[in-house]
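Tertiary structure, described
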Amino acid sequence: MNILEATNIHKSYGNKFNRQEVLKGVDITIMKGEFVGIMGASGSGKTTLLNVLSSIDKINGGTIKIEGNEISRMKEKQLANFRKTHLGFIFQDYNLLDTLTVKENILLPLSVAKTPSAVAHKKFDALAKQLGIYELKDKYPSEISGGQKQRTSAARAFIHEPSMIFADEPTGALDSKAASDLLNKLTELNDKRSASIVMVTHDPVAASYCSKVIFIKDGQIYTQLYKGDQTQKAFFDDIMKTQGVLGGVQHEH
Amino acid sequence: MNINQLIFRNFKKNVKNYYLYVFALMFSAALYFAFVTLQYDPALDATKGSIKGGAAVRAASVLLVAIVSIFLLYANTIFIKRRSKEIGLFQLIGMTKTRIFRILTVENFMLYFASLIVGILIGFSFSKAVIMILFKITDTKGIAKLHFSEEALIQTLIVFGVIYLLIMTMNYLFIKRQTILALFRVTSSTEGKTKKISILEIIIGILGIIFIASGYYISAKLFDGSFTSMNALSIAMVSILASVILGTYLFYKGSVRFLLNLMRKSKKGYLSINDVLSLSSIMFRMKSNALLLTVITTVSALAIGFLCLSYISYYSAEKSAGDYVPNDFAINNSKDAASFKAALDRKKIAYTEKKIDVIQVKANVKNILENDLESPMVDSSAMIFPMVSETSVSGVTIAQNETLFTGSNDMLQQAMAFKDSGQIELKGKKKVIPQKFIGLNRKFILSTYFTSGMPAAIVDDHVFNELKKDADPSIQKESSVYTGIDISNEDNLPKANELFGEIKFSDDSLNNSRIEMAVSQKQNMGLIMFIVAFLGLAFLITSGCILYFKQMDESEDEKPNYTILRKLGFTEKDLLKGIKIKQLFNFGIPLVIGLLHSYFAVQSGWFLFGTEVWTPMIIVMIVYTALYSIFGILSVLYYKKIIKEAL
């Protein structure tokens with residue numbers, strides 16, 4: 001079952017005299033429970049793609065449907081409403097509120113949805129234990145490590161059980177140990193909670209955790225790799241090869 | 001791009017960014033210039049003549065300089081901090097500190113003096129209106145002319161020049177002391193983001209509330225007789241000031257955080273959007289702002305308090321003149337009364353005359369006083385009261401053994417509270433007549449010449465005559481007949497007043513005209529009120545601006561938070577609701593505490609200033625609150641812009 005369908009999306013910046021086209025007709029479908037990676041060189045448009053898919057940015061052409069709702073036609077208020085019920089976000093720089101404790105940060109999306117407080121606490125306990133941050137619940141973001149912050153951020157993305165999670169370079173600021181920890185947790189959550197995850201990354205190791213990797217080049221889809229039944233190692237090699245072709249320095253002679 | 005272009009670009013950018021700073025500068029300059037123009041205005045001599053008006057205006061202008069310079073220096077610290085990144089960048093690309101300082105100086109110079117000139121022009125065009133207002137308040141007849149005072153210009157330029165130098169010194173020290181790294185970090189380190197609430201903080205919080213409450217408690221007791229000696233009174237006053245100010249400081253330092261923390265704890269980590277934006281954010285910042293908020297609160301309490309008191313006495317000028325002069329004209333000896341009456345007859349002005357025989361008697365009032373008046377000057381067993389017969393007062397019948405007091409105001413009531421009834425003794429030279437005291441009426445029947453501030457005793461005619469024969473000559477006044485003249489037709493009152501002014505009375509009899517008295521009190525209090533209001537306005541606007549700048553700063557700091565929240569799916573409206581609550585706290589707490597402080601201050605001593613308290617006090621407070629809220633609303637609008645840009 002398709003959870004996200006984007007057809008022929010166009011996005012450009014600038015005014016009509018100086019137009020910079022970033023996305024030139026991208027088609028993407030994501031199935032329920034899929035873990036999708038988006039890769040590409042800097043400036044290829046991957047973050048823009050993530051932003052438009054996650055309704056933070058508007059598109060200039062095409063349609064995006066999430067669970068049958070066409071988000072490209074929604075008004076700002078409907079979008080905000082849609083985001084708080086259907087979507088979760090994880091960012092490279094964690095985006096936690098410094099003034100709130102770990103627990104308060106994680107429970108934030110539930111307060112938007114006006115979940116009863118007993119239910120909220122139960123959800124928090126389960127999720128925080130799963131991610132191994134339960135003991136940190138009364139600490140402030142400035143008192144915990146980067147890996148812990150990112151897990152807090154992940155917990156916040158999952159707490160309201162959204163159908164889609166968008167992650168923008170979640171491992172970008174982490175060391176390899178913390179990164180693989182986080183990715184293992186994400187995979188686990190992806191299995192158990194069957195939330196689809198879309199992750200932008202430029203790290204082939206991170207991408208090898210996905211079930212599908214989409215390569216973007218110059219605002220268009222270059223190719224898609226499926227993991228299928230391969231081992232993670234084999235998939236990683238595939239990704240490396242593709243990236244080599246994609247990002248290789250072009251010699252003019 | 002060379003340095004000059006850089007300076008010019010910076011200048012252009014900063015005008016847009018710091019429009020409020022520019023506005024504040026222009027405003028201070030305008031205010032100061034208008035005030036100084038007033039000081040040098042010859043038309044003002046009329047108002048200044050009566051009391052030491054000139055000195056008052058000069059003293060006020062010194063205060064104004066203090067307010068303006070502290071404000072400008074403070075505003076500058078905020079703005080230089082905001083530009084620390086830029087300064088760090090200049091240093092990083094190899095500019096020397098001196099060079100950066102020069103850029104800042106030139107840029108500031110243009111900004112500062114351009115707004116100064118505009119401010120002076122605005123101040124000039126408003127100075128006429130200001131003088132007109134002053135004339136209106138003090139009932140002075142005079143035409144305000146728009147005239148440009150060179151002395152005022154020079155004085156303004158000198159004062160603002162000195163402030164400019166101060167600002168530059170501050171900038172110089174700021175740049176000199178900073179390293180590149182520190183400059184990049186400055187915005188994040190200025191607000192200490194402390195973590196947990198310590199026990200010490202809880203104690204501080206509770207102490208703060210206790211201090212304020214005890215200050216209020218003493219202030220309520222101040223004039224009710226608990227402190228009778230002058231010494232005790234002044235000690236009490238100082239301790240009120242100290243405990244309230246200290247309490248306010250501790251309140252901001254601990255109490256607010258402590259109370260909010262209790263609220264936050266009760267939510268067990270499940271915060272709504274309004275809590276996130278208001279509670280947690282205020283908690284983090286209130287502490288570091290403690291000193292600033294204390295100063296703002298204390299000074300606004302003072303401003304409101306003084307405004308209330310001066311307005312009270314202005315407002316009740318007519319009424320209190322009526323207490324001192326019970327008839328339109330009060331004449332203390334028969335000869336003067338006769339000549340005034342003759343003058344009225346000549347002009348054919350109809351009047352009614354009231355003659356009252358008055359003698360002074362000693363009375364033992366020990367039993368009817370609420371409190372012992374322990375003072376070497378006052379002997380409550382032989383106090384001197386004016387006494388009249390019941391026949392001179394219409395509508396009063398009194399038995400032979402009874403005495404009624406009349407003519408009391410709140411000031412007397414506070415200084416010397418009488419019981420409802422009791423035994424007293426009236427003392428002649430030899431005779432002592434015991435009497436039953438039956439009460440105290442408000443109405444005044446005699447002028448101050450006879451009463452010396454005491455209520456008049458009304459007794460049975462028989463008793464009056466007896467004591468009159470036995471009167472102690474050493475305490476009698478020169479005159480024993482009070483003549484009150486009321487003009488029958490009010491339209492003739494001004495004419496009669498003119499006549500009254502023209503007649504030469506015998507020198508030492510303090511004859512009074514009620515309108516004259518009301519006018520002179522209005523004039524004195526009007527000038528004081530005008531100056532206090534002027535300073536109060538200057539202070540109100542500067543402190544409002546400071547809070548606004550602070551909020552501008554905070555909103556920039558919190559912009560990333562709004563981005564996160566909006567990504568999480570909160571709408572602009574949700575965020576704005578939280579911000580409104582936050583601003584209600586940020587602006588409301590200092591305002592409410594300031595109003596409370598001044599309320600208690602006014603309540604403890606207003607009766608020394610006039611006869612009416614509620615109307616003038618409430619008017620002043622409402623006007624102050626309204627003007628102050630403008631800044632709160634402006635800051636919400638600024639936040640709105642920031643939130644809109646956040647996504």
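Residues numbered from 1 in each chain as written. Chains lettered and ligands numbered in written order. Predicted model: local features only at pLDDT ≥ 70, side-chain atom pairs only at ≥ 80, totals over all residues. Heavy atoms only, no water.

1. Quick word on the overall build of chain B
Definition in use: Helix numbers and strand numbers start at the N terminus; a helix is a DSSP run of H or I with at least 4 residues, a strand a run of E with at least 2. We call a residue buried when its accessible area falls under 20% of the maximum for its residue type, exposed when it is over 50%, and partly exposed in between, using a 1.4 Å probe and counting protein chains only. Residue contacts are defined here by distance: any two heavy atoms, one from each residue, within 4.5 Å place the two residues in contact. Per-residue accessibility takes into account occlusion by the displayed protein chains alone, with areas from the Shrake-Rupley method and a 1.4 Å probe.
Per the secondary structure count, chain B includes 21 helices and ten strands. Put simply, chain B has 647 residues, and 53% of those count as buried. Intrachain contacts of chain B at a sequence separation of at least 6 include 85% that bridge at least 24 residues. Accessible area for chain B stands at about 30000 Å²; split by element, carbon and sulfur atoms hold 64% of it.

2. Things to note about the UniProt feature "domain: ABC transporter" (unreviewed entry) in chain A
Rules: UniProt positions are given in the numbering used here, feature names are shortened, and annotations may be inferred rather than shown by experiment.
Here, the residues flagged by UniProt with the feature "domain: ABC transporter" (unreviewed entry) are residues 4-243 of chain A. The distance from the first to the last C-alpha atom of residues 4-243 of chain A is 25 Å, and the span holds 38% helix and 26% strand.

3. Side note on the nonpolar core
Our working rule: Each nonpolar core is a collection of buried residues, namely Ala, Val, Leu, Ile, Met, Phe, Trp, Tyr and Cys, held together in the definition by side-chain atoms within 4.5 Å.
Of all hydrophobic cores here, the largest spans 133 residues; its most connected members are Leu72, Tyr112, Phe160, Phe549, Tyr562 and Leu565 of chain B. Among the elements that make up this core, the one with the highest residue count is helix H19 (residues 514-567) of chain B (21 residues). Among the nonpolar cores identified, the runner-up in size contains 45 residues, and Ile106, Leu183, Ile197 and Val213 of chain A belong to it.

4. Let's talk about the interface of chain B and chain A
Stated precisely, the cut-off is as follows: Summed over both partners, the accessible area (1.4 Å probe) lost when two parts come together is defined as the buried area. What counts as a salt bridge is simple: a side-chain nitrogen of Lys or Arg found within 4 Å of a carboxyl oxygen of Asp or Glu. Definition of a polar contact: a pair of N or O atoms within 3.5 Å, with one able to donate and the other able to accept a hydrogen when the atoms are protein atoms, and with sequence-neighbouring residues admitted only if both atoms are side-chain atoms.
With 25 residues of chain B at the interface, the matching set in chain A holds 33 residues. Between chain B and chain A, a total of about 2600 Å² is buried, with carbon and sulfur atoms accounting for 63% of that surface. When the buried surface of chain B facing chain A is broken down by residue, Tyr270, Lys567 and Leu568 of chain B rank first, second and third, together holding 28% of it. For the pair chain B and chain A, the interface holds zero salt bridges. Where chain B touches chain A, the interface holds two residue pairs in polar contact (both at pLDDT 80 or more). Here the side of chain B that touches chain A gets five residues from one element, more than from any other, and that element is H19 of chain B.

5. A short note on the sheet that holds strand E5 (residues 69-70) of chain A
Residue and element names in this part refer to chain A. For the record, the criterion: Note on pairing: DSSP must find at least two bridges between two strands before they are called paired. Every axis in this analysis is a line fitted to C-alpha atoms, fitted for helices over the stretch in contact. Angles between the N-to-C directions lie between 0 and 180 degrees.
What the four strands build is an open sheet, ordered E2-E1-E4-E5; its pairing is antiparallel. Unpaired on one side and paired on the other, strand E2 (20-31) and E5 mark the two borders of the sheet. Judged from the five bridges that link them, strand E1 (residues 2-13) and strand E4 (residues 61-66) form a sheet pairing that is antiparallel. Paired with Glu5 across the bridge in E4 is Lys65. Set on the sheet, helix H1 (residues 46-53) makes contact with E1, E2 and E4; between it and E1 the angle comes to about 120°.

6. As for the environment of Ile618 of chain B
All names here are of chain B. Along the chain, the position of Ile618 falls in helix H21 (residues 614-646). Judged by relative accessible area, Ile618 falls into the partly exposed class, the value being 41%. Distance from Ile618 to Tyr599, taken between C-alpha atoms, is 9.6 Å for residues 19 residues apart in sequence.

7. Looking at H19 of chain B
Just so we agree on the cut-off: Take the seven residues that end at a residue and the seven that start at it, fit an axis to each, and the angle between those axes is the bend at that residue.
The largest bend in H19 of chain B is about 45°, located at Glu558 of chain B, with the proline Pro560 of chain B one to four residues further on. Counting buried residues along H19 of chain B, 38 of its 54 residues qualify, which places the element largely inside the surrounding structure.

8. Observations regarding the sheet that holds strand E9 (residues 481-487) of chain B
Residue and element names in this part refer to chain B. The strand order across the open sheet built from four strands is E2-E9-E1-E10, with neighbouring strands paired in antiparallel fashion. One side of each edge strand has no neighbouring strand; the edge strands of this open sheet are strand E2 (351-357) and strand E10 (512-513). Alignment of E2 against E9, held across seven bridges, turns out to be antiparallel. Following the sheet pairing, Ile356 is matched in E9 by Tyr482. Relative to E9, helix H14 (residues 334-346) is tilted by about 20°, and along the sheet it contacts strand E1 (329-331), E2 and E9.

9. Side note on the packing of helix H3 (residues 102-112) of chain A against helix H4 (residues 117-131) of chain A
All names here are of chain A. Applicable threshold: For this classification, under 35 degrees means roughly parallel, over 145 means roughly antiparallel, 65 to 115 means roughly perpendicular, and everything else is oblique. Here is the rule for handedness: rotate from the far helix to the near one, and if that takes an anticlockwise turn smaller than a right angle the crossing is left-handed, while a clockwise turn gives right-handed.
It is the contact of H3 with H4, at a shortest axis distance of 10 Å, that shows an interaxial angle of 125°. Our classification of the angle between H3 and H4 gives oblique. Our pair here, H3 against H4, has a crossing hand that is right-handed. Residues Lys103, Ile106, Leu107 and Leu110 of H3 form the contact with H4, whose own contacting residues are Ala120, His121, Lys123 and Phe124.

10. Topic: the packing of aromatic side chains
Residue and element names in this part refer to chain B. Quick note on the threshold: Two aromatic rings, drawn from Phe, Tyr or Trp (for Trp, its six-membered ring), form a pair once their centres lie within 6.5 Å of each other, and the interplanar angle then sorts them: stacked below 30 degrees, edge-to-face above 60, tilted otherwise.
Taken as a whole and assessed by the stated rule, the structure comprises 26 aromatic pairs over all chains. An angle of 85° between the planes, with centres 5.4 Å apart, marks the rings of Tyr599 and Phe600 as edge-to-face. Every member of this aromatic cluster is reached through a ring pair, and the members are Phe109, Tyr112, Phe113 and Tyr164.

11. Some thoughts on the environment of Ile90 of chain A
Residues and elements named next belong to chain A. Residue placement: Ile90 occurs in strand E6 (residues 87-91). Accessibility expressed as a relative area gives 1% for Ile90, which makes it buried. Dropping the residues within four chain positions of it, Ile90 is found in contact with Gln150, Ser153, Ala154, Ala157, Ile165, Phe166, Ala167, Asp168, Pro170 and Leu186.

12. So, the pattern of salt bridges
Tallied over the full model, the rule gives 14 salt bridges over all chains. Asp138 of chain A serves as the salt-bridge partner of Lys137 of chain A, at 3.9 Å between the closest nitrogen and oxygen. With a closest N to O distance of 3.0 Å, Lys582 of chain B and Glu554 of chain B form a salt bridge. Taken together, the residues span a long stretch of sequence, with Lys582 of chain B in helix H20 (residues 572-605) and Glu554 of chain B in helix H19 at a distance of 28 residues. As far as the burial class goes, Lys582 of chain B and Glu554 of chain B line up, both buried.

13. Focus on the pairing of strand E8 (residues 456-459) of chain B
Residue and element names in this part refer to chain B. Burial along E8 is two-sided: Ala456 and Ile458 and Ala457 and Val459, pointing in opposite directions, are all buried. Across three bridges, strand E4 (residues 383-389) lies against E8 in parallel orientation. If you follow Met387 over to E8, its bridge partner there is Ala457. Across four bridges, the pairing between strand E5 (residues 402-406) and E8 is antiparallel. Its bridge partner being in E8, Leu404 is matched across the sheet by Ile458.

14. Notes on a nonpolar patch on the surface
All names here are of chain B. This is how the line gets drawn: Surface patches are drawn from residues lacking salt bridges whose relative accessible area is over 30%; two like charges belong together within 9 Å, two nonpolar side chains (Val, Leu, Ile, Met, Phe, Trp, Tyr) within 5 Å.
Judged by side-chain polarity, Leu537, Ile619, Val623, Leu627, Ile630, Ile633, Leu634 and Leu637 come together as a nonpolar surface patch covering roughly 640 Å² of accessible area. A total of seven residues in the nonpolar patch trace back to one element, the largest contributor, which is H21. Given a relative accessible area of 54%, Ile633 falls into the exposed group.

15. What to know about the side chain of Asn586 of chain B
All names here are of chain B. Position of Asn586 among the secondary structure elements: in helix H20. Side chain to side chain, Asn586 and Gln583 meet in a polar contact 3.2 Å long. Beyond its immediate chain neighbours, meaning those up to four positions away, Asn586 contacts Ile282, Gln551 and Glu554.

16. Remarks on the confidence of the model for chain B
Residues and elements named next belong to chain B. Put simply, the rule is: Note: pLDDT gives the predictor's confidence per residue, expressed from 0 to 100.
Chain-level statistics for chain B give a pLDDT mean of 79 and a share of 87% at 70 or above. Of all the helices and strands in chain B, helix H8 (residues 180-190) carries the lowest mean pLDDT, 53, while H21 carries the highest, 89. Here residues 186-194 is modelled with pLDDT under 50, and outside its nearest four sequence neighbours on either side it reaches 15 contacts, counting other chains as well. Scoring of the predicted complex yields 0.74 for pTM and 0.74 for ipTM.

17. Thoughts on a positive patch on the surface
What counts, and what does not: We treat Lys and Arg as the positive residues and Asp and Glu as the negative residues; His and chain ends play no part in the count. Where a charge lies is defined by one atom per residue type: Lys uses NZ, Arg uses CZ, Asp uses CG and Glu uses CD.
Side chains of Lys77 and Lys114 of chain A together with Lys573 and Lys577 of chain B sit close together on the surface and give a patch of like positive charge. Within the secondary structure, Lys573 of chain B sits in helix H20. The exposed category is assigned to Lys573 of chain B, whose relative accessible area is 61%.

18. Points about the pairing of strand E3 (residues 359-364) of chain B
Residue and element names in this part refer to chain B. The buried count for E3 comes to five of six residues, which makes it a mostly enclosed element. Two strands pair when backbone bridges link them, and E3 and E4 are joined in this way by five bridges, in the antiparallel orientation. Opposite Val361, over in E4, you have Phe385 as the bridge partner. As defined by bridge partners, E3 adjoins strand E6 (residues 422-427) across three bridges and the pair is classed as antiparallel. Residue pairing in the sheet places Asn364 in a bridge with Glu425 of E6.

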